[in-house]
Amino acid sequence: MTQAVSEKFTAIDNRLYEYLSSHSLREPDVLRRLREETAGLGGISVMQISPEQGQLMQLLLRLIGAKCYLEVGTFTGYSALACAMALPEDGTVITCDVSREWAQIGQRYWEESGMDEKIDLCIGPAAETLKTLLDSGEAGRFDAMFIDADKTNYETYYEYGLQLVRPGGLIMIDNVLWGGAVADPVQNDADTQAIRALNVKIHRDDRVDISMVPIADGLTLARKK
């Protein structure tokens, strides 16, 4: 049976989005300029998270008192910078990506903001980096993790995250609505199937407390028990 849309769910049109942004968003200038430079890259810029999502992630990190943050998928470095800004002075960000080209854009802003000393950029396949962290005794070190990279490896990153994040820590997973494709039976490409499968897995996973939040392209929050 199809479940009806809740009466408590308010659809966001352009006018309401502008209202929401003007009454909630507090995007620092350095983040705004990084976002705008990324937008100039054209279609690929959709890989960058929205400023509202970045602000939500900052709030969540502060709420749990995060000090060590792990990220899979750097792109031009917006999320790494936003999250670094939410950590204490001695906080640490480890961010993984296969492309140094795009990350170099973000590094200029990291340096300008003084956050570069917090951020460790690891170039190479993320699964290898995560395995190296585990093999180095880093299990349970991280307070939070953000997954926003190649979709077909999402489950692999999630499983590594459950080992690397401490009990009570947070795993955040981006693009879980995938532009609506996850709910469209006609869409069956590899990325869509991978996200669908992970959404089902996490919904049934009693190792975590969860909420799928309809912000930007969908963000799953999973608290490790």
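Structural data are supplied above this passage.
Residues numbered from 1 in each chain as written. Predicted model: local features only at pLDDT ≥ 70, side-chain atom pairs only at ≥ 80, totals over all residues. Heavy atoms only, no water.

1. As for the overall build of the protein
Secondary structure assignment for the protein yields eight helices and seven strands. Taken against the 2.2 N^0.38 rule, which gives 17 Å for 225 residues, the C-alpha radius of gyration of the protein at 17 Å falls within 12% of a compact globule. With respect to the three principal axes, the spread of C-alpha positions in the protein is 50 × 40 × 35 Å. In the protein, buried positions account for 47% of the 225 residues. Partitioning the intrachain contacts of the protein with sequence separation of at least 6 by distance along the chain shows that 69% fall at a separation of at least 24. If you sum the accessible surface of the protein, you get close to 11,700 Å²; carbon and sulfur atoms cover 52% of it. Here the protein contributes 22 positively and 34 negatively charged side chains, and the mean placements of these two sets differ by 5 Å. (Helix = DSSP H or I, 4+ residues; strand = E, 2+ residues; numbered from the N terminus. Rg over C-alpha atoms; globule rule 2.2 N^0.38 Å. Buried < 20%, exposed > 50% of the residue type's maximum accessible area, 1.4 Å probe, protein only. Contact = heavy atoms within 4.5 Å. Areas by Shrake-Rupley, 256 points an atom, 1.4 Å probe, with all protein chains shown as cover. Lys, Arg positive; Asp, Glu negative; His and termini not counted. Charge placed at Lys NZ, Arg CZ, Asp CG, Glu CD.)

2. Describing unusual backbone geometry
Even without being glycine, Phe-75 reaches a positive phi, approximately 55°. Tracing the chain through its elements places Phe-75 in the loop between β1 (68-72) and α4 (78-86). Residue class for Phe-75 comes out buried when judged on its relative accessible area of 8%. Although it is not a glycine, Trp-178 adopts a positive phi angle of roughly 50°. Considering the arrangement of structural elements, one finds Trp-178 in the loop between β5 (165-174) and α8 (190-204).

3. Structural notes on the pattern of salt bridges
Evaluated as defined, the whole model comprises 17 salt bridges. Here Arg-33 ties to Asp-29 by a salt bridge, and the two come within 2.7 Å at their closest N and O atoms. Here Arg-33 pairs with Asp-29, and both are found in helix α2 (residues 29-39), just four residues apart, close to one helical turn. Note that Glu-37 and Arg-108 form a salt bridge whose closest N and O atoms lie 2.4 Å from each other. Taken together, the positions of Glu-37 in helix α2 and Arg-108 in helix α5 (residues 100-113) put the pair 71 residues apart, joining distant regions of the chain. Residue Arg-108 is classed as partly exposed on the basis of its relative accessible area, which comes to 43%. The network of salt bridges with shared partners includes Asp-29, Arg-32, Arg-33, Glu-36 and Glu-112. (Salt bridge = Lys/Arg side-chain N within 4 Å of Asp/Glu carboxyl O.)

4. Focus: the pairing of strand β6 (residues 208-213)
Looking along a regular strand, one sees the side chains alternate between the two faces of the sheet. Looking at chain direction, β6 and strand β7 (residues 219-224) are connected through six bridges and run antiparallel. Opposite Asp-209, over in β7, you have Arg-223 as the bridge partner. The antiparallel hairpin formed by β6 and β7 contains five residues in its connecting segment, where Ala-216 sits at a positive phi of about 50°. (Pairing = 2+ DSSP bridges.)

5. A short note on the packing of α2 against α4
As a packed pair, α2 and α4 sit with axes 10 Å apart at the nearest point and diverge in direction by 175°. Taken together, the axes of α2 and α4 are roughly antiparallel relative to one another. For the pair α2 and α4, the contacting residues are Val-30, Leu-31, Leu-34 and Arg-35 in the first and Tyr-78, Leu-81, Ala-82 and Met-85 in the second. When the residues that make up the contact of α2 with α4 are grouped by side-chain class, the tally is seven nonpolar, no polar and one charged. (Axes fitted to C-alpha atoms, helices over the stretch in contact; angles between N-to-C directions. Parallel < 35°, antiparallel > 145°, perpendicular 65-115°, else oblique. Nonpolar A, V, L, I, M, F, W, Y, C, P; charged D, E, K, R; others polar.)

6. Focus on the environment of Thr-129
Tracing the backbone shows Thr-129 in helix α6 (residues 126-135). Taking relative accessible area as the criterion, Thr-129 reaches 15% and is therefore assigned buried. In sequence terms Thr-129 and Ile-94 are 35 residues apart; their C-alpha atoms lie 9.9 Å from each other. When residues no more than four places from it in sequence are discounted, the contact partners of Thr-129 are Cys-96 and Cys-122.

7. Let's talk about the packing of α2 against α5
Between α2 and α5, the least distance of the axes is 10 Å, while the angle of their chain directions is 170°. On the basis of the axis angle, α2 is roughly antiparallel to α5. Here Val-30, Arg-33, Leu-34 and Glu-37 of α2 come into contact with α5, specifically with Ile-105, Gly-106, Arg-108, Tyr-109, Glu-112 and Ser-113. In terms of residue class, the contact of α2 with α5 is made up of four nonpolar, two polar and four charged.

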